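Each chain, written out:
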Amino acid sequence: MTKRITVPTRSKTELVDITPEIEKIVEASGVKEGICWVFIPHTTAGITINEGADPSVKRDILSRLDKLIPGAESYEHLEGNAPAHIKASIVGSSQTLIIENGKLLLGTWQSVYLCEFDGPRHRKIIIKVE
Ligand code: ZN
């Protein structure tokens, strides 16, 4: 099954934990052993998996990406959001998750994040469970 969800973001850059939404979709699918693909169809946002317990990790990821890809540089892309495009490519637009016993097989401290790099916006996410 394939599901689409929309997630609102609130800041220019932000990591939004979407693990609960994905878990609900996996549960509703009835799939006990399988794969869950999470894909974001946007060019200035991404999907990543990282630390879900300590919020300082999210802040460190965003602030370090800001330092690596500064907004003040001159870029060819004239929309003014070149850094967001570059960050989205670094992070990537999808993740593959394993389903075991009807649950996502994530590490104890792992969460799945929508990475917003050009918000605030409403972001679509496509989730496929098989
Ligand atoms: Zn652009």
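See the structure printed just above.
As a starting point, this report considers the structure included with it.

With that settled, consider the coordination of the zinc ion. Coordination of the zinc ion by the protein involves His77 (NE2), Glu79 (OE), Asn81 (OD1) and His85 (NE2), with metal-donor separations of 1.8 to 2.2 Å. In this structure, the zinc ion is coordinated by four donor atoms arranged in irregular fashion, with angles at the metal of 89 to 151°. Donor residues for the zinc ion, ordered by position in the chain, follow H-x1-E-x1-N-x3-H. What makes Asn81 buried here is its relative accessible area of 8%.

In this section: the nonpolar core. By size, the foremost hydrophobic cluster in this structure holds 22 residues, and its most contacted members are Ile18, Ile22, Cys36, Val38, Ile125 and Ile127. Contributions of two or more residues to this core are made by strand E1 (2-8), helix H1 (19-29), strand E3 (34-39), strand E4 (45-51), strand E5 (94-100), strand E7 (110-116) and strand E8 (122-129). Leaving out residues up to four positions away in the same chain, Ile127 has contacts with Met1, Thr2, Lys3, Ile5, Ile22, Ile25, Cys36, Trp37 and Val38. Listed in part, the nine residues of the second largest apolar core include Leu62, Leu65, Ile69 and Ala88.

So, on to the pattern of salt bridges. Scanning all chains against the criterion turns up five salt bridges. Ionic pairing is found between Arg123 and Glu116, a salt bridge with its closest N-O pair at 2.7 Å. For Arg123, a relative accessible area of 1% puts it in the buried group. You can call Glu116 buried: its relative accessible area is 0%. If you follow the salt bridges from partner to partner, you end up with Lys12, Asp118 and Arg121 in one network.

Now for the sheet that holds E7. Pairing is antiparallel in the open sheet, where three strands are placed in the order E2-E7-E4. At either margin of the open sheet sits one strand with a lone partner, and together these are strand E2 (14-17) and E4. Pairwise comparison of adjacent strand axes, ignoring direction, gives a mean angle of 35° for this sheet. Strand direction decides the pairing type here: E4 and E7, joined by seven bridges, are antiparallel. In the sheet register, Thr48 faces E7, and the bridge partner there is Tyr113.

It is worth spelling out the sheet that holds E5 at this point. Taken together, the five strands give an open sheet; going across it, the order is E1-E8-E3-E5-E6, and neighbouring strands pair in antiparallel fashion. Two strands in the sheet have a free side with no partner beyond their single neighbour: E1 and strand E6 (103-104). Of the pairings in the sheet, the one linking E3 to E8 comprises four bridges and is antiparallel in character. Within E8, the residue paired with Cys36 across the bridge is Val129.

Let us now look at a negative patch on the surface. A cluster of like negative charges, contributed by Asp17, Glu21, Glu23 and Glu27, occupies part of the molecular surface. One can find Glu27 in helix H1.

This part covers the environment of Thr108. Inspection of the secondary structure assignment puts Thr108 in the loop between E6 and E7. Assessed through its relative accessible area of 70%, Thr108 is described here as exposed. Considered as a pair, Thr108 and His42 are 66 residues apart in the sequence and their alpha carbons are 29 Å apart.

Criteria and cut-off values
Here the residue index of a chain counts from 1 through its sequence in written order. Only residues with pLDDT of at least 70 get local features here, since the model is predicted, and only at 80 or more are side-chain atom pairs given and counted; chain-wide, interface and lining totals rely on the full set of residues. The side-chain figures draw on all heavy atoms in the structure; neither hydrogens nor water molecules are used. Metal donors were taken as nitrogen, oxygen and sulfur atoms no farther than 2.8 Å from the ion, or 3.2 Å where the ion is Na, K or Ca. Water is excluded, so coordination may look unfinished. Labels for metal geometry use angle windows, namely 85 to 135 degrees for all angles of a four-donor tetrahedral site, and for square planar (four donors) or octahedral (six donors) sites opposite donors over 155 degrees apart plus all others within 65 to 115; sites meeting none of these are irregular. In this scheme, a residue with accessible area under 20% of its type's maximum is buried, one over 50% is exposed, and one in between is partly exposed, where area comes from a 1.4 Å probe on protein chains only. Side-chain atoms within 4.5 Å link the members of a nonpolar core, which is a set of buried Ala, Val, Leu, Ile, Met, Phe, Trp, Tyr and Cys residues. Think of it this way: any DSSP run of H or I at least four residues long counts as a helix, any run of E at least two long counts as a strand, and we number them from the N terminus. When checking whether two residues touch, look at their non-hydrogen atoms; a contact exists if any pair is within 4.5 Å. Basic side-chain nitrogens of Lys or Arg form a salt bridge, by our definition, when they fall within 4 Å of a carboxyl oxygen of Asp or Glu. Only strands joined by at least two bridges in the DSSP assignment are considered to pair. Every axis in this analysis is a line fitted to C-alpha atoms, fitted for helices over the stretch in contact. Angles between the N-to-C directions lie between 0 and 180 degrees. Like charges within 9 Å and nonpolar side chains (Val, Leu, Ile, Met, Phe, Trp, Tyr) within 5 Å are joined into patches, using only residues over 30% in relative accessible area that form no salt bridge. With residues, only the protein chains shown are counted as cover, and all accessible areas are computed by Shrake-Rupley using a 1.4 Å probe. Charged-residue counts in this description rest on Lys and Arg as positive and Asp and Glu as negative, His and the chain ends being excluded. Charged groups are reduced to one reference atom each: NZ for lysine, CZ for arginine, CG for aspartic acid, CD for glutamic acid.

In short, shape yes, function no, at least from these values alone.
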